[in-house]
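This is what each chain is made of:
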Amino acid sequence: MQSRQQQPRPAEAGPEQFRLLVEAVKDYAIFLLDPEGRVISWNSGAERIKGYTADEIIGQHFSRFYEPDDVAAGLPAELLARAAAEGRYQARGWRVRKDGRRFYAQVTLTALFDSAGDLSGYAKITQDMTAEREAERARRDREYQLAEAQAVARLGSFEWGLASGQVTWSPELCRILGLDPEACHGTLDGLLERIHPDDRAGAAATLRRAATEGTSFRMQARILRPTGEPRVLSCWGNVTRDEQGRPSRVLGVCQDVTDWRQREEELVEAQAQAELSRRLQSGLLPSLSLPDPALELQTRYRPGHERALLGADFFDALELADGTAALLIGDVAGHGPVEAAVGVALRSAWRALVLTDHGPGELLDGLDKVLSRDRQSEELFATVCCCWISPGRDRITVALAGHPPPLLARAGRVEAVEVAGGPALGIYDQPYPWEAGQLEADGPWTLLCYTDGLVEGRSAPGSVERFGIDALEATVAELLASTDGLQEMLDRLLDVVHQANGGDLSDDLAILCLSRAAGGGHG
């Protein structure tokens, strides 16, 4: 039987071939050192990375590749000693090129021993890792920036690997869920356990449908932190596919919108409150006019800066069928929608009573009943001033219920109207016999009705004295003599009161001012 012929073994690479291989490598600096650390070989990769030619570097100590501080600290000698002791030493660090530029290197230093076990030198392999280090730094920066952006936006993310069933969560999603980042991984069921029981089934169905159909998703769900604190998350995401087009991963983003939803609810409530305030304010302080050209009617209103809620000052004016002009100004104690609503009810009741020819006593009694019916607290009361100007504009009737008296300016004098005043509305449980006073008003005159915010402020910044009716009389007299028209007089009056109060008002104030021109009378 003929023996099988053996196949010839391939020839082994010789030293010359190995030398050529090393010299041809361009991505690594591969060179030899003698036992003292002097360079004794140099390849093309070393020339490319370090910048020296073989003629420039062979015979030079390898310490010239290190930064001066490292050389002064003895680092090159230490590396040789460790390689000789351990056989091989690996490290990363900054190195220096021929032109002085730094690069980040991965270095392997291997000690070489002869057959007798004596150190014969070192083999050194250096790889330029600068680009990789910069890429890693850029990656870490992006991750940090992403984490910061997610934290600012309260935006977390998760990834659900459909093949493995594993879910990983971003640190910000862990924070939103109130969990330690080390606990932010697991299965989909583990993630769903964090969702409020009432929302869990819907969230699970949404995610599993997206995974099955490979479609995007969007949902909103409540989660429960370990402390029991509920939060509201808005989540959306997409599904990625593998090379065969099958769904492979579900990528989701979750944003904590709890505070936003609360602000939205507060905004809706504030808008509703603002609309209510607008309607109430319109009901309290309508735009007024009288058809009689001989009468000029002006109104002013200023809120108190220390009061953030809606005030409850109100006014109105009507001209009746016989030519009588009727005026109303009042103030419900307190601030806010409840008080303002009472003010609107009083103004509406006043209109009804005036238009049905009720006299002062009946009118104030009727307003008292309306207040008692509409108020939510027995402590709530209101003051009103009602005036009637006769068709000839020469007689003024005034009825007061706890309200400061109006000022009447005529013949160069300004005085508070002296009429009997009754208690504020809502003070007595039993009917009170309110009375009215009359005064003659021949010729031109100006009637200034106001709420107590005009006179109860300070007389000067920092003063404890009130502005008062006496100061109001003097100020109005001076302004009527020095200003051009009713509008300018009222604007200047408000400026004086503002300045006396140091720029702020302690209470709302309303003004209703009626002026009769010379010779004016209802035709």
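The coordinates are above.
Residues numbered from 1 in each chain as written. Predicted model: local features only at pLDDT ≥ 70, side-chain atom pairs only at ≥ 80, totals over all residues. Heavy atoms only, no water.

As for the overall build of the protein chain
Thought 1: When its secondary structure is counted, the protein chain shows 14 helices and 21 strands.
Thought 2: Split into buried and exposed, the 523 residues of the protein chain put 43% on the buried side.
Thought 3: Sequence separation of at least 24 residues holds for 57% of the intrachain contacts in the protein chain that already meet a minimum separation of 6.
Thought 4: Total accessible area on the protein chain is roughly 28000 Å²; 50% of this is exposed by carbon and sulfur atoms. (Helix = DSSP H or I, 4+ residues; strand = E, 2+ residues; numbered from the N terminus. Buried < 20%, exposed > 50% of the residue type's maximum accessible area, 1.4 Å probe, protein only. Contact = heavy atoms within 4.5 Å. Areas by Shrake-Rupley, 256 points an atom, 1.4 Å probe, with all protein chains shown as cover.)

Let's talk about empty space enclosed by the protein
Thought 1: In this structure the tally under the stated criterion is one cavity of 30 Å³ or more.
Thought 2: The computed volume of the largest cavity comes to approximately 120 Å³.
Thought 3: Every residue lining the largest cavity is counted, 13 residues in all, and those nearest its centre are L191, I195, L233, C235 and C254.
Thought 4: Breaking the lining of the largest cavity down by element, the ones donating at least two residues are α7 (171-177), β8 (217-224) and β9 (230-241).
Thought 5: Per-element tally for the lining of the largest cavity: the top contributor is β8, with three residues.
Thought 6: Taken together, the residues that form the lining of the largest cavity break down as 12 nonpolar, no polar and one charged. (1 Å grid on protein atoms, 1.4 Å probe; cavity = no way out; pocket = protein on both sides within 12 Å on 5 of 7 lines; lining within 4 Å. Points joined across faces, edges and corners; volume = space filled by probe spheres on them. Nonpolar A, V, L, I, M, F, W, Y, C, P; charged D, E, K, R; others polar.)

Here's the deal with the pattern of salt bridges
Thought 1: Under the criterion given, the structure shown has 26 salt bridges.
Thought 2: For D34, the salt bridge is made with R38, and the minimal N-O distance between the two is 3.0 Å.
Thought 3: For R38, a relative accessible area of 35% puts it in the partly exposed group.
Thought 4: Three or more residues joined by partner-sharing salt bridges are found here, namely R225, E229, R231, D256 and D259. (Salt bridge = Lys/Arg side-chain N within 4 Å of Asp/Glu carboxyl O.)

Comments concerning the packing of helix α11 (residues 337-355) against helix α12 (residues 360-374)
Thought 1: Taken N-terminus to C-terminus, the directions of α11 and α12 make an angle of 150°; their axes are 9 Å apart at the nearest point. By the angle between their axes, α11 is roughly antiparallel relative to α12. Crossing of α11 against α12: the hand is right-handed. Together, V342, A345, L346, A349, W350, L353 and V354 of α11 and L363, G366, L367, V370, L371 and D374 of α12 make up the contact between the two elements.
Thought 2: Its residues placed into classes, the contact of α11 with α12 shows 11 nonpolar, one polar and one charged. (Axes fitted to C-alpha atoms, helices over the stretch in contact; angles between N-to-C directions. Parallel < 35°, antiparallel > 145°, perpendicular 65-115°, else oblique. Left-handed = near helix turned anticlockwise from the far one by under 90°.)

Focus on the packing of aromatic side chains
Thought 1: All chains considered together, the criterion is met by eight aromatic pairs.
Thought 2: With centroids separated by 5.8 Å and ring planes inclined at 25°, the aromatic side chains of W42 and F65 adopt a geometry described as stacked. With W42 in the loop between β1 (28-33) and α2 (44-50) and F65 in the loop between α3 (54-57) and α4 (68-72), this pair connects stretches of sequence that are 23 residues apart. For the pair W42 and F65, one class covers both residues: buried.
Thought 3: With 5.2 Å between their ring centres and 70° between their planes, W94 and Y104 make a pair best called edge-to-face. One end of the pair, W94, is in strand β2 (residues 88-96); the other, Y104, is in strand β3 (residues 102-113), and 10 residues separate them in sequence.
Thought 4: Residue W94 is classed as partly exposed on the basis of its relative accessible area, which comes to 22%.
Thought 5: Put simply, the rings of F31, W42, Y52 and F65 touch in pairs and so form one group of aromatic residues. (Phe/Tyr/Trp six-rings, centres within 6.5 Å; stacked < 30°, edge-to-face > 60°.)

Re unusual backbone geometry
Thought 1: Located in the positive-phi region is R393, a residue other than glycine, with phi close to 60°.
Thought 2: A positive phi angle, near 55°, is found at A411, a position not held by glycine.
Thought 3: Tracing the backbone shows A411 in the loop between β16 (407-410) and β17 (413-416).
Thought 4: The class of A411 is exposed, set by a relative accessible area of 78%.

Details of a nonpolar patch on the surface
Thought 1: Taken together, the side chains of L32, I40 and L112 make up a nonpolar region of the molecular surface, amounting to roughly 220 Å² of accessible area.
Thought 2: Among the residues examined, I40 registers a relative accessible area of 46% and is labelled partly exposed. (Patch = residues over 30% accessible without salt bridge, like charges linked within 9 Å, V, L, I, M, F, W, Y side chains within 5 Å.)

Here we look at the sheet that holds strand β7 (residues 185-187)
Thought 1: Spatially, β7-β6-β5-β10-β9-β8 is the arrangement adopted by the six strands of the open sheet, whose pairing is antiparallel. Bordering the open sheet on either side are β7 and β8, each of which pairs with just one other strand. Between one strand axis and the next, the sheet turns through 25° on average, direction left out of account.
Thought 2: The pairing of strand β5 (residues 155-161) with strand β10 (residues 247-256) spans seven bridges and is classified as antiparallel. Residue pairing for β10: E159 is matched across the bridge by L251.
Thought 3: On top of the sheet, helix α9 (residues 197-213) reaches β5, β8, β9 and β10; it is set at about 150° to β8, its chief contact. (Pairing = 2+ DSSP bridges.)

Remarks on the pairing of strand β19 (residues 437-440)
Thought 1: Across the two faces of β19 the burial differs, with G437 and L439 buried and Q438 and E440 not buried at all.
Thought 2: Note that strand β15 (residues 395-401) and β19 share four bridges and pair antiparallel. The residue bridging V398 from the neighbouring strand is G437, located in β19.

Observations regarding the sheet that holds β16
Thought 1: Taken in spatial order, the five strands make up an open sheet running β11-β21-β20-β16-β17, and their pairing is antiparallel. Each of the sheet's edge strands pairs with one partner strand only, and the pair in question is β11 (295-302) and β17. Adjacent strand axes in the sheet meet at a mean angle of 15°, parallel and antiparallel pairs treated alike.
Thought 2: Alignment of β11 against strand β21 (residues 509-516), held across eight bridges, turns out to be antiparallel. Paired with T299 across the two strands is L512, which belongs to β21.
Thought 3: Running at roughly 155° to β17, helix α13 (residues 468-482) makes contact with β16, β17 and β20 (445-450) of the sheet.

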